[in-house]
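Take a look at the letters that make up each chain.
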Amino acid sequence: MKIGFIGIGNMGAPMSAHLSAAGHVVLGYDIAERSAVGVTMVGSYADAVSDADLVITMLPDAPDVVQVYHDTLDHAKPGALFIEGSTIDVATAKEVAAQAHSMGFEALDAPVSGGVMGAEAATLTIMVGGSDASFERARPILELMGKRVIHCGDTGAGQATKVCNNMLAGINMAGTCEAIALADRLGLDRQKLFDVVSTSSGFNWAMNVYCPAPGVGPQSPSDNDYKPGFSSELMLKDLRLSQTAARLVSAETPMGEKAEEIYAKFAEVDGQGAMDFSALLPRYSKAKDD
């Protein structure tokens, strides 16, 4: 299959490389001129999509997605399937899908979870919104980049699932960091805390898989000076998306609102947006000395 891949960044580079390694012809375009192993980089959106059976976009934010769809749809091959993998708001996901459908293309929203480590290992969870037929057409390609590919519903359902998931991830990480910082103050050993929490009622992904305490649990960004697998500024972006969605449907999400407030302070006021979102722990640990 010929695949156009737009957005060869921290996530897009390993994802597109997996497609190439599986034998597909991948033409990549990136405005910052980044590249990926096995991907043929081209000089324009048109070059990336003009002969592509399938087009994947992996971009920073909703305005970028809108602009790329505006610039690519006129050049795409008839019958192409567009897969929007960026994390954006539900309304924009539906808007660009409708635009693609109006021009005779198929379209899916398919945001991912798992961060850079998941992209590199092809173990992402991919949440898909769109028709059954388009999902089945895309499934073999998506399964090359992710371990779990889940059809969540009609157009927009992938993005809706992603904002719910990441709101919960942000809440869990903030709570996990608070619990470890409290344990420090109480004189507890972090490893012993992990041994208890990871096998009892406090069990959660932020503790068990992505532990924010260095040297505790499986390898995570905390063991690499909190260099981001998923940055604090990206978590803040997703928390803001979750609260926008909550307001649209009049959902009460006080914990999500508080998590947004916590990450806004950490990423923007404290200037730690480029750090991994688990770096709240050293912030809380430092607080005891302030």
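This is a predicted model, so every value here is computed, not measured. Once a new chain begins, its residue numbering starts again from 1 and follows that chain's sequence as written. With pLDDT at 70 or above as the cut-off, local features in this predicted model cover only qualifying residues; side-chain atom pairs require 80 or more to be listed or tallied, and sums for whole chains, interfaces and linings still use all residues. By convention in this description, side-chain values take in all heavy atoms of the structure and omit both hydrogens and water.

Draft legend 1. View of the packing of helix 10 (residues 232–248) against helix 11 (residues 254–269). What counts as an axis is a line fitted to C-alpha atoms, over the stretch in contact for a helix, and the angles between N-to-C directions run from 0 to 180 degrees. Helix and strand definitions follow DSSP, with helices as H or I runs of at least four residues and strands as E runs of at least two, each counted in order from the N terminus. Taken N-terminus to C-terminus, the directions of helix 10 and helix 11 make an angle of 150°; their axes are 9 Å apart at the nearest point. Here helix 10 is positioned roughly antiparallel relative to helix 11, judged by the angle of their axes. Relative to helix 11, the crossing made by helix 10 is left-handed. Facing helix 10, whose interface residues are Ser 232, Glu 233, Met 235, Leu 236, Leu 239, Arg 240 and Gln 243, helix 11 presents Gly 256, Glu 257, Ala 259, Glu 260, Tyr 263, Ala 264, Phe 266, Ala 267 and Glu 268. Nonpolar residues are Ala, Val, Leu, Ile, Met, Phe, Trp, Tyr, Cys and Pro. Charged residues are Asp, Glu, Lys and Arg, and all others, Gly as well, are polar. Grouping the constituent residues of the contact of helix 10 with helix 11 by class yields 8 nonpolar, 3 polar and 5 charged. By definition in this entry, angles of less than 35 degrees are roughly parallel, angles greater than 145 are roughly antiparallel, angles of 65 to 115 are roughly perpendicular, and the rest are oblique. Here a crossing is taken to be left-handed if its near helix is turned anticlockwise relative to the far helix by less than a right angle, and right-handed if that turn runs clockwise. Contacts are residue-level and defined by heavy atoms, with any inter-residue pair within 4.5 Å sufficient.

Draft legend 2. Highlighting the environment of Leu 142. Note that Leu 142 resides in helix 6 (residues 132–142). Through-space distance from the C-alpha of Leu 142 to that of Ala 245 is 26 Å; in sequence the pair is 103 residues apart. In contact with Leu 142, other than residues within four places in its own chain, are Ile 83, Ile 126, Val 128 and Val 149.

Draft legend 3. Spatial organisation of the environment of Phe 277. Along the chain, Phe 277 falls in the loop between helix 11 and helix 12 (280–287). Along the chain, Phe 277 and Met 207 lie 70 residues apart, while their C-alpha atoms are 13 Å from each other. When near neighbours in sequence (up to four residues on either side) are disregarded, Phe 277 contacts Ala 169, Met 173, Trp 205, Tyr 210, Phe 230, Ser 231, Ser 232, Met 235 and Tyr 263.

Draft legend 4. Region of interest: the packing of aromatic side chains. Centres within 6.5 Å are what make two rings of Phe, Tyr or Trp a pair, Trp counting through its six-membered ring; a difference in plane orientation under 30 degrees is then read as stacked, over 60 as edge-to-face, and the rest as tilted. Summed over all chains, the structure comprises 7 aromatic pairs. Aromatic side chains Tyr 69 and Phe 82 sit 5.4 Å apart centroid to centroid with 50° between the ring planes, which places their arrangement in the tilted category. Here the residue Tyr 69 occupies a position in helix 3 (residues 62–72), and Phe 82 occupies one in strand 5 (residues 81–84), the gap between them amounting to 13 residues. Neither residue differs from the other here; Tyr 69 and Phe 82 are each classed as buried. The classification of residues rests on relative accessible area computed with a 1.4 Å probe and restricted to protein chains. Under 20% of the type maximum is buried, over 50% is exposed, and intermediate values are partly exposed.

Draft legend 5. A look at the packing of helix 3 against helix 4 (residues 90–102). Interaxial distance between helix 3 and helix 4 falls to 10 Å at its minimum, and their mutual angle equals 5°. Of the possible angle classes, the one that applies to helix 3 and helix 4 is roughly parallel. Across the interface between the two elements, Ala 62, Val 65, Val 66, Tyr 69 and His 70 of helix 3 pack against Thr 92, Glu 95, Val 96, Gln 99 and Ala 100 of helix 4. The residue inventory of the contact of helix 3 with helix 4, partitioned by class, reads 6 nonpolar, 3 polar and 1 charged.

Draft legend 6. Fine view of the pairing of strand 1 (residues 2–6). Burial runs high along strand 1: 4 of the 5 residues are buried. Note on pairing: DSSP must find at least two bridges between two strands before they are called paired. Looking at chain direction, strand 1 and strand 2 (residues 25–29) are connected through 5 bridges and run parallel. Opposite Phe 5, over in strand 2, you have Gly 28 as the bridge partner. When the strands point away from the viewer and the connection leading from the first strand across the helix to the second strand turns clockwise, the crossover is called right-handed. Regarding topology, helix 1 (residues 12–21) serves as the crossover connection from strand 1 to the parallel strand 2, and that connection is right-handed. Where strand 1 meets strand 4 (residues 54–57), 4 bridges bridge the pair, whose relative direction is parallel. Its bridge partner lying in strand 4, Ile 3 is registered against Leu 54.

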